[in-house]
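Each chain is listed here by its residues.
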Amino acid sequence: MSRTLRPLLTAATAAAFAALSPLASAAPVPVSPTGATSVPAVEVPSSALMSEAGNASRVEHILLKRSFKGRSTDELYRGVFGPGLERTKAAFPQVGIRKDTIGGVPVLIYEPKGGVSPTKDKLLLINVHGGGFTACFAECGGMESIPIAALTGIKVISIDYREGPQHHYPEATEDVVAVYRQVLKTVSPKHLGLFGCSAGGLLTTQSLAWFSRHGLPSPAAAGVYCAGGDASMGGDSRIIGNLLGDGEAPDPAPRGDAGLGYMAGASPSDPEAYPARDASVLGKFPPTLVVTGTRDFAMSSAVNLHSKLVAAGVDAHLHVWEGGRHAFFYDERVPEAREAYKVMATFFEEKLKDRR
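Residues numbered from 1 in each chain as written. Predicted model: local features only at pLDDT ≥ 70, side-chain atom pairs only at ≥ 80, totals over all residues. Heavy atoms only, no water.

Trainee: Report on the sheet that holds strand S2 (residues 105–112), specifying residues and quantitative values.
Mentor: Ordered by their spatial adjacency, 8 strands build an open sheet running S1-S2-S4-S3-S5-S6-S7-S8, and the pairing between neighbours is mixed. Whereas interior strands pair on both sides, the edge strands pair on one side only; in this sheet they are strand S1 (95–102) and strand S8 (316–325). Between one strand axis and the next, the sheet turns by 20 degrees as a mean value, whatever way the strands run. Note that strand S7 (residues 288–295) and S8 share 7 bridges and pair parallel. Within S8, the position partnered with Thr292 by the bridge is Val320. (Pairing = 2+ DSSP bridges. Helix = DSSP H or I, 4+ residues; strand = E, 2+ residues; numbered from the N terminus. Axes fitted to C-alpha atoms, helices over the stretch in contact; angles between N-to-C directions.)

This is the structure in structure tokens:
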């Protein structure tokens, strides 16, 4: 286990994650006629099924986020994601990074420093980063793109799409479409993959919906990580994931149709905005890999998307990591992150095989 993570599981920190405390009363837990349950105060331990490093990483993440409370969004994202990005770059030094513009949209390109192998030079992955559509810095996609570029040897284009609060739906989708149209001029859709985490996962589903409804061919495969296809973020994990994964008391009420601020004004009946609500749109999705964790506030949304994809006849795969917080694989020091990278890489290598 990393020395930088070990101190977080000292007695002072571990006390907050001790064994389950017995309930103060043996009385039944109150349940309202609507099904709302009043949960008594209880201490929840770290998962015994997750690695020590994984549990420590979650604690570190919670404390780091709290240290930026009251700071600007830019400071928060750079402070929370910046150190992880630098560790990821150091862990996968074989990946080079360069800026470019495709279809008028700024992008970052991640590819092997020695060049892409001739057996994979026709393959391409497109990444849309996370960050809640709220001005995550340009390299936010590096924590997703670098490991996958390293493990697959496939070039990854990460799109620096427009975000809030200055921009709103569907501007991010428009940027993905602009890049995708340009890429299709030189790359066959059977050799293309699209993936993203969190807001990027939702944007992946929105882009796929746009492609199918506007006559663009679908890519060969898609990855929807720490997200689903519905911005309202309903379900149990909205409560449980926020509490156990991010150490935050969630709003007990659903986010509503407006969902993320970026989505304000989008119609809840628009299948390009809320793809998980339209079976006909989901039925046209390519093979899709869904990844989440049991302490991810988006787990319910992810599970819901997978269930609906399966019902629509899509080749959909769901992988859930025990104890994993939202975007748990952003910490390359964690064994479960390495497992997730391998699953993602293997999925795309299989679906994008160069069958010339």
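Trainee: Quick one: what's the story with the state of the cysteines, residue by residue and with numbers?
Mentor: Inspection of every chain in the model, using the stated rule, returns 2 disulfides. The disulfide partner of Cys136 is Cys140, and the gap between their sulfur atoms is 1.6 Å. Across the S-S bond linking Cys136 and Cys140, the dihedral sits near -65 degrees, which makes this disulfide left-handed. Residue Cys136 is classed as buried on the basis of its relative accessible area, which comes to 4%. By relative accessible area, which is 3% here, Cys140 ends up buried. Each sulfur in the disulfide pair Cys197 and Cys226 lies 1.8 Å from the other. Here Cys197, found in strand S5 (residues 192–197), pairs with Cys226, found in the loop between strand S6 (221–225) and helix H7 (237–246); they are 29 residues apart in sequence, far enough to count as distant. For the residue pair Cys197 and Cys226, the accessibility class agrees, reading buried in each case. (Disulfide = S-S within 2.5 Å. Buried < 20%, exposed > 50% of the residue type's maximum accessible area, 1.4 Å probe, protein only.)

Trainee: Talk me through unusual backbone geometry; I want residue IDs and the actual numbers.
Mentor: Cis geometry is adopted by the peptide bond preceding Pro165, which originates at Gly164 and carries an omega value of 0 degrees. In this structure, Pro170 follows Tyr169 across a cis peptide bond, with omega equal to 10 degrees. Looking at the secondary structure, you find Pro170 in the loop between strand S4 (156–159) and helix H5 (171–183). With a phi angle near 60 degrees, Phe133 is a residue other than glycine that sits in the positive phi range. Among the structural elements, Phe133 can be located in the loop between strand S3 (124–128) and helix H4 (142–152). With relative accessibility at 0%, the residue Phe133 sits in the buried group.

Trainee: Requested: an account of the nonpolar core, with residues and values cited.
Mentor: Residues Phe133, Ile159, Tyr161, Val183, Phe211 and Met263 are the most contacted members of the largest nonpolar core, which totals 49 residues. When residues in this core are grouped by element, the largest group, 7 residues, is from helix H6 (residues 199–213). Once residues within four sequence positions are removed from consideration, Tyr161 is found in contact with Val128, His129, Gly130, Phe133, Ala172, Asp175, Ala199, Gly200 and Leu203. Ranked by size, the runner-up nonpolar core spans 42 residues in total, among them Val80, Phe137, Cys197 and Val291. (Core = buried A, V, L, I, M, F, W, Y, C linked by side-chain atoms within 4.5 Å. Contact = heavy atoms within 4.5 Å.)

Trainee: Can you break down the side chain of Glu144 residue by residue, with the values?
Mentor: Along the chain, Glu144 falls in helix H4. Buried and unpaired, Glu144 has Arg325 as its nearest opposite-charge partner, separated by 11 Å. At a separation of 2.7 Å, a polar atom in the side chain of Glu144 contacts the side chain of Asn127. Those residues within four positions of Glu144 in sequence are excluded, and the remaining contacts are Asn127, Val128, His129, Gly130, Phe195, Gly196, Cys197, Phe329 and Tyr330. (Lys, Arg positive; Asp, Glu negative; His and termini not counted. Salt bridge = Lys/Arg side-chain N within 4 Å of Asp/Glu carboxyl O. Polar contact = N/O pair within 3.5 Å; in protein donor to acceptor, adjacent residues only side chain to side chain.)

Trainee: Just give me the short version of the packing of aromatic side chains, but keep the residues and values in it.
Mentor: If you walk through the whole model with that rule in mind, you get 14 aromatic pairs. With a centroid separation of 5.6 Å and 45 degrees between ring planes, the pair formed by Trp321 and Phe328 is classed as tilted. Of the residues examined, Trp321 reaches a relative accessible area of 11% and is grouped as buried. With a centroid separation of 5.6 Å and 85 degrees between ring planes, the pair formed by Phe329 and Tyr330 is classed as edge-to-face. The pair Phe329 / Tyr330 is uniform in exposure class, with both members buried. Through successive ring pairs, a cluster of aromatic residues spans Tyr77, Phe81, Phe195, Tyr225, Trp321, Phe328, Phe329, Tyr330, Phe347 and Phe348. (Phe/Tyr/Trp six-rings, centres within 6.5 Å; stacked < 30°, edge-to-face > 60°.)

Trainee: How would you explain H5 if you had to name every residue and give the values?
Mentor: Compared with the 18 Å implied by 1.5 Å per residue over 13 residues, the 19 Å span of H5 between its first and last C-alpha is a close match. Buried within H5 we find Glu171, Ala172, Thr173, Asp175, Val176, Val177, Val179, Tyr180 and Val183. For H5, the secondary structure elements touched by its buried residues are S1, S2, S3, S4, S5 and H6. (Expected span 1.5 Å × (residues − 1).)

Trainee: Can you explain the packing of H4 against helix H10 (residues 335–351)? Please cite residues and give values.
Mentor: Across the interface, H4 lies against H10 with an axial gap of 9 Å and an inter-helix angle of 60 degrees. Here H4 lies oblique to H10, going by the angle between them. In this structure, H4 crosses over H10, and the sense of that crossing is right-handed. Residue-level inspection shows Met143, Pro147, Ile148, Leu151 and Thr152 of H4 in contact with H10, the latter providing Tyr341, Lys342, Met344, Ala345 and Glu349. Split by residue class, the contact of H4 with H10 holds 7 nonpolar, 1 polar and 2 charged. (Parallel < 35°, antiparallel > 145°, perpendicular 65-115°, else oblique. Left-handed = near helix turned anticlockwise from the far one by under 90°. Nonpolar A, V, L, I, M, F, W, Y, C, P; charged D, E, K, R; others polar.)

Trainee: Could you give me a rundown of the pattern of salt bridges, with the residues and numbers involved?
Mentor: The full count for this structure, using the stated rule, is 19 salt bridges. Between Lys89 and Glu139 there is a salt bridge; the shortest N-O distance is 3.0 Å. With a gap of 50 residues between them, Lys89 in helix H3 (residues 73–91) and Glu139 in the loop between S3 and H4 connect regions that are remote in the sequence. Residue classification places Lys89 among the partly exposed residues on the basis of a relative accessible area of 25%. Here the salt bridges do not stand alone but share partners, grouping Arg162, Glu171, Glu174 and Asp175 into one network.

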